[in-house]
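The residues making up each chain are set out below.
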Amino acid sequence: MPKSNSSNRPCEDGRVSAPIPSWEPLSEPLIADQRGTCDQMRAASPVARSPRGVTLLRHADVVSAAADPATFSSAVSPHRQVPNSLDEPEHSAFRAAIDTFFTPERMTALEPRIRKIAHEIVDALPRGRTLDAVTEIGYPLAVQVQADWLGWQGIEHELLVWMAENHAATRSGDRERTAAVAAVFDEIVLAQVRRRRQIGSAAPKDPTTELLGISVKGGLLPDADIVSILRNWTAGDLGSIAAAVGVIVYFLATHPQVQEALRARPGNLATAIDEMLRIDDPFVVSRRVTTAATRVAAFVLEPDTRIYLNWTSANRDEMVFGDPDSYHPEEHAAHNLVYGAGIHACPGRPLATLELIVVVQTLLDMTARLELAADAEPVRETYPLGGWRRMPVRLH
């Protein structure tokens, strides 16, 4: 249970502010069971404080903060991140440009290429032998789709190596190591940008080249912003897709009745996938910082308080979803926060959803059964990552 680490004090409106309970996000219980620990924390208090900042755990508070960018600013990082760290009105100017890359028409045109990639990956997998869904399905799917979409063919192996190094650095909590790995990725991205600038009109017609010509606020983007956008599309998406694949495969393997129902009648597969990810949301937190004193439930947050919106916890809030492990895709869809909320809701959601629909359809079409491997144990990811680090499964 959380412990109080501050005393009651009067607020400007005359009410008494409750002390914010404390917790340690890197404690052994949380590392061992993020979902279970967050469920316990949320039941005890809507917020918790650590040396890193204040975490919001309940659905209503997370949604409210995400919907109030004036009070809960995204300008948290000392490094400019487009569009994640931008506040209004700059954010909307960039989102207007970025969202054009994820229109229904573009996703429809991309779908056959994604299906070909997914078919080749699943077709090459062993049948009846243990494989890891995260590294043998999720990683190659994410890398190959992104490389194909962005026109980065030929560097797939480089991206796979980087993904492994980035996850290891993130788990380590070593900021210098994480920064060094991030710098390596920026060089990978910048090499793609420089190559297109060098060859000019002969550059391939792909989203990377297209970014060089888009205008925001009346001017072309500097390379630093282009690299930041591409980093957001790739560095974020590669890990996210791999994590999501692990969660989905685990759910299907441990819920054979759902697996069989989706084989017989796929229906709205996007909503079904979103519900699996709600139950075990691998996208754990987003950061904010308060610009003014504000109140969350009975707690007052001072200006410049670092805030963590805990999506994994909010997506399991009993006050919204009842039993957080209950599978009710249509009923829960309106409140699902897997792709965030507010102005910073994930711009790449259409592409991520398409990738996940295609890979799930392909797995179901090309197998008779998915089941957990009997000879290997699944391994959970650790904070600040979520989902599964290793998901041993057998395809039949």
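In this report, we go over the structure that sits alongside the text.

If you tally the helices and strands in the protein, you get 16 helices and 18 strands. Here the protein has a C-alpha radius of gyration of 21 Å; the compact-globule value for 396 residues is 21 Å, and the two agree. Dimensions along the principal axes, computed over C-alpha positions, put the protein at roughly 65 × 55 × 40 Å. For the protein, the residues scored as buried account for 51% of the 396 residues in total. Total accessible area on the protein stands at roughly 17,300 Å², and carbon and sulfur atoms take up 54% of it.

In this section: the pattern of salt bridges. Taken as a whole, this structure holds 26 salt bridges when the rule is applied. Among the salt bridges present, the one from Arg196 reaches Asp206, with a minimum N-O distance of 2.8 Å. With Arg196 in helix 8 (residues 175–199) and Asp206 in the loop between helix 8 and helix 9 (207–211), this residue pair connects regions lying ten residues apart in the sequence. For the pair shown, Arg196 and Asp206 are each scored as buried. A network of salt bridges, in which partner residues are shared, links Arg35, Asp39, Arg42, Asp280, Arg316, Glu318, Asp325 and Arg380.

Let us look at the sheet that holds strand 8 (residues 130–132). In space, the three strands of this open sheet follow the order 8-18-15, with antiparallel pairing throughout. Both edges of this open sheet fall to strand 8 and strand 15 (370–372), since each of them pairs with a single strand only. Recorded for the sheet is a direction-independent mean angle of 45° between the axes of neighbouring strands. As paired strands, strand 8 and strand 18 (residues 392–395) are joined by three bridges and run antiparallel to one another. What sits directly across from Asp132, in strand 18, is Pro392. Against the sheet, helix 6 (residues 133–150) touches strand 8 and strand 18, its axis set at about 50° to strand 8. Running at roughly 95° to strand 15, helix 10 (residues 223–254) makes contact with strand 15 and strand 18 of the sheet.

As a further point, take the packing of helix 7 (residues 156–172) against helix 8. Interhelical geometry of helix 7 versus helix 8 gives an angle of 160° and a closest axis separation of 8 Å. It follows from the interaxial angle that helix 7 and helix 8 lie roughly antiparallel. The two elements helix 7 and helix 8 cross, and the hand of that crossing is left-handed. In this structure, helix 7 uses Glu158, Leu159, Trp162, Glu165, Asn166, Ala168, Ala169, Thr170 and Ser172 to contact helix 8, whose residues at the interface are Arg177, Thr178, Val181, Val184, Phe185 and Ile188. Tallied by class, the residues present in the contact of helix 7 with helix 8 amount to eight nonpolar, four polar and three charged.

Within the secondary structure, His332 is located in helix 15 (residues 329–332). On the basis of relative accessibility, which here comes to 2%, the residue His332 falls in the buried class. Other than its neighbours up to four places away in sequence, His332 contacts Glu275, Arg278, Phe321 and Ser326.

Relative to the 26 Å expected for 18 residues at 1.5 Å per residue, helix 16 (residues 349–366) spans 25 Å between its end C-alpha atoms, a close match to the ideal helical length. Of all 18 residues that make up helix 16, 13 are buried, and the element is covered over most of its length.

Leu141, Leu230, Trp233 and Leu356 are the most contacted members of the largest nonpolar core, which totals 85 residues. When residues in this core are grouped by element, the largest group, 15 residues, is from helix 10. Apart from residues no more than four positions distant in its own chain, Trp233 is found in contact with Ile98, Phe101, Phe102, Gln146, Trp149, Leu150, Pro207 and Leu211.

On to the packing of aromatic side chains, then. Scanning the model with the defined rule gives seven aromatic pairs in all. When the centroid spacing of 4.6 Å and the interplanar angle of 40° are considered together, the rings of Tyr250 and Trp388 count as tilted. With a gap of 138 residues between them, Tyr250 in helix 10 and Trp388 in strand 17 (residues 388–390) connect regions that are remote in the sequence. Taken together, the ring pairs in this structure connect Phe101, Phe102, Trp149 and Trp233 into an aromatic cluster. Arg278 extends its terminal NZ or CZ atom over the ring of Phe321, reaching a point 4.4 Å from the ring centre. A cation sits over an aromatic face here: Arg380 above Trp388, 4.0 Å from the ring centre.

What counts and what doesn't
Residues numbered from 1 in each chain as written. Predicted model: local features only at pLDDT ≥ 70, side-chain atom pairs only at ≥ 80, totals over all residues. Heavy atoms only, no water. Helix = DSSP H or I, 4+ residues; strand = E, 2+ residues; numbered from the N terminus. Rg over C-alpha atoms; globule rule 2.2 N^0.38 Å. Buried < 20%, exposed > 50% of the residue type's maximum accessible area, 1.4 Å probe, protein only. Areas by Shrake-Rupley, 256 points an atom, 1.4 Å probe, with all protein chains shown as cover. Salt bridge = Lys/Arg side-chain N within 4 Å of Asp/Glu carboxyl O. Pairing = 2+ DSSP bridges. Axes fitted to C-alpha atoms, helices over the stretch in contact; angles between N-to-C directions. Contact = heavy atoms within 4.5 Å. Parallel < 35°, antiparallel > 145°, perpendicular 65-115°, else oblique. Left-handed = near helix turned anticlockwise from the far one by under 90°. Nonpolar A, V, L, I, M, F, W, Y, C, P; charged D, E, K, R; others polar. Expected span 1.5 Å × (residues − 1). Core = buried A, V, L, I, M, F, W, Y, C linked by side-chain atoms within 4.5 Å. Phe/Tyr/Trp six-rings, centres within 6.5 Å; stacked < 30°, edge-to-face > 60°. Lys NZ or Arg CZ within 6 Å of the ring centre and 35° of its normal.

As far as function goes, none of this settles anything; it's purely spatial.
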